[in-house]
Amino acid sequence: MAVFDDKKSFLHFAAGVIAAMTGVFSIFFISIFVLYQIREKESDLNKLGDFIEFLFGYAYGLAVRAGL
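Notes on the structure follow. Predicted model, so just to flag it, every value in this text is computed and none were measured.

### Quick look at the overall build of the protein
Regarding its fold elements, the protein presents three helices and zero strands. When the elements of the protein are put in sequence order from the N terminus, they spell out α-α-α. The globule rule puts the C-alpha radius of gyration for 68 residues at 11 Å, and the 12 Å found for the protein is close to it. Overall, the C-alpha framework of the protein stretches about 35 × 20 × 15 Å when taken along its three principal axes. By the burial criterion, 26% of the 68 residues in the protein qualify as buried. For the protein, restricting intrachain contacts to residue pairs at least 6 apart in sequence, the fraction spanning at least 24 positions comes to 71%. Accessible surface for the protein amounts to roughly 4600 Å². Of this, 73% is attributable to carbon and sulfur atoms. One finds the centroid of the 6 positive side-chain charges in the protein at a distance of 8 Å from the centroid of its 7 negative side-chain charges.

Written out as structure tokens, the structure is:
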């Protein structure tokens, strides 16, 4: 499993930040990301890395939104 291993990694991070910033609508963005990952053709370990990147972005977005 590799985390932040390609250019798309930063898009996963950004998607997490956007999802965290949207408040109530974050469940919509999370659902879109999960569906995207399910349909993407790559190994399960790479998908796990993508989810971790997304969660890092989500945590960062929540921290920024809270003013930390």
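### Some details on the pattern of salt bridges
Following the criterion strictly, the structure yields one salt bridge and no others. Its salt-bridge partner being Lys8, residue Glu40 comes within 2.7 Å of it at the nearest N-O pair. With Glu40 in the loop between helix H2 (26-39) and helix H3 (44-66) and Lys8 in helix H1 (residues 7-21), this pair connects stretches of sequence that are 32 residues apart.

Reading guide: rules and limits
Residues numbered from 1 in each chain as written. Predicted model: local features only at pLDDT ≥ 70, side-chain atom pairs only at ≥ 80, totals over all residues. Heavy atoms only, no water. Helix = DSSP H or I, 4+ residues; strand = E, 2+ residues; numbered from the N terminus. Rg over C-alpha atoms; globule rule 2.2 N^0.38 Å. Buried < 20%, exposed > 50% of the residue type's maximum accessible area, 1.4 Å probe, protein only. Contact = heavy atoms within 4.5 Å. Areas by Shrake-Rupley, 256 points an atom, 1.4 Å probe, with all protein chains shown as cover. Lys, Arg positive; Asp, Glu negative; His and termini not counted. Charge placed at Lys NZ, Arg CZ, Asp CG, Glu CD. Salt bridge = Lys/Arg side-chain N within 4 Å of Asp/Glu carboxyl O.

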